[in-house]
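# Descriptive analysis of the structure
Here are the chains, one letter per residue:
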Amino acid sequence: MSNKKKPLVVLTRKLPDPVETRMRELFDARLNLDDHRMTQPELIAALKEADVLVPTIGDILDAAVIEQAGPNLKLIATFGNGVDNIDVAAAAKRGITVTNTPNVLTEDSADMTMALMLSVPRRLVEGAQLLNASGGKWPGWSPTWMLGRRIWGKRLGIIGMGRIGTAVARRAKAFGLSIHYHNRKRVSPQIEEELEATYWDSLDQMLARMDIISVHCPSTPATFHLLSARRIQLLQPTAYVVNTARGQIIDENALIEQLEQGKLAGAGLDVYENGEAVDKRLLKLAEAGKVVLLPHMSSATMEGRIDMGDKVIINIRAFVDGHRPPDRVLPNRI
């Protein structure tokens, strides 16, 4: 990559204005002004001519696509934390560095998780929709109308006690929930003491005892359908499932069947097994007030998106200046 000219940086989606403005100042940045999702031919064309590609989670960069990258492409600086949409090993074989934007969405994701954790048992969305549909008219207060479930005093089982899982635990403890967790390894004694958290080496044992399950582990081959049909059947019929991590971690078909049969109390989902293709059965369950569905909003704050953009810019500048980018992703670390 020549140091005499600005590198050609291609953005696959529209980013917040402050981020795009800074990119235009620093690089030869090609923006996606109408924010359309690039087709595969458009994505391949961008790979062929760019020095740096800035994709998002919706861009699938598998080995076949990366194989068609041009000789100038040396960096894929993804706008996002997850890289399960990128074949990092295939990129490495082509001499292409991959970076991500970790550690900026922890609080935003934890906030949305708590919102789902509250909205499902307390029927918040159902109540709001009822009032909107009635034109502001409702039958008035009644001792048995719109009854939900209290979360104070309930047991929360967190799957994946990383940064986001820990942030959720801190919020949940303030709401009076008892904190339990399953992780590849125990967190520090200090964190366990702070959260009064109970560690479960056996995921099966934890699932069978919890009132609410919240998923926060990464999407890897090892976590695909971690909540399998067998494990979902371990849950109590009064339990709720919340997922703001990745849809593939849960066997969605099995979850739907348990909800349809009344063997689970409800679910709050921000992610889905088939990406943007939300199962129609989930939509019916939402209409019935059994689930709350969100369109992948857990990290959607202006502050968070700008922080992500700043990390992308730092990674690109470091790479262009001949330094190792701070958020480089290695094949053996995903």
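Scroll up to find the structure.
Computed from a predicted model, the values in this text were never measured in an experiment.

### Points about the packing of aromatic side chains
- Throughout the structure, instances matching the rule amount to two aromatic pairs.
- Aromatic side chains W138 and W145 sit 5.6 Å apart centroid to centroid with 20° between the ring planes, which places their arrangement in the stacked category.
- Taking the relative accessible area as the measure of exposure, W138 reaches 46% and is therefore partly exposed.
- The class of W145 is partly exposed, set by a relative accessible area of 32%.
- Plain terms: the ring middles of Y181 and Y199 are 5.1 Å apart, the flat faces sit at 50° to each other, and that makes the pair tilted. Here Y199 lies in strand β8 (residues 198-199) and Y181 lies in strand β7 (residues 178-182), a separation of 18 residues in the sequence.
- Judged by relative accessible area, Y181 falls into the buried class, the value being 0%.

### Quick look at helix α11 (residues 252-260)
- Buried residues of α11: E252, A254, L255, I256, Q258 and L259, and no others.
- Where α11 ends, the next residue or the one after it, G262, has phi of about 75°, a positive value.

### Side note on the environment of L8
- Checked against the element boundaries, L8 lands in strand β1 (residues 8-11).
- By relative accessible area, L8 is classed as buried at 13%.
- Each C-alpha atom, one on L8 and one on V52, is 6.3 Å from the other, the two residues being 44 residues apart in sequence.
- Excluding residues within four positions of it along the chain, L8 makes contact with D28, R30, E49, A50, D51 and V52.

Cut-offs applied
Residues numbered from 1 in each chain as written. Predicted model: local features only at pLDDT ≥ 70, side-chain atom pairs only at ≥ 80, totals over all residues. Heavy atoms only, no water. Phe/Tyr/Trp six-rings, centres within 6.5 Å; stacked < 30°, edge-to-face > 60°. Buried < 20%, exposed > 50% of the residue type's maximum accessible area, 1.4 Å probe, protein only. Helix = DSSP H or I, 4+ residues; strand = E, 2+ residues; numbered from the N terminus. Contact = heavy atoms within 4.5 Å.

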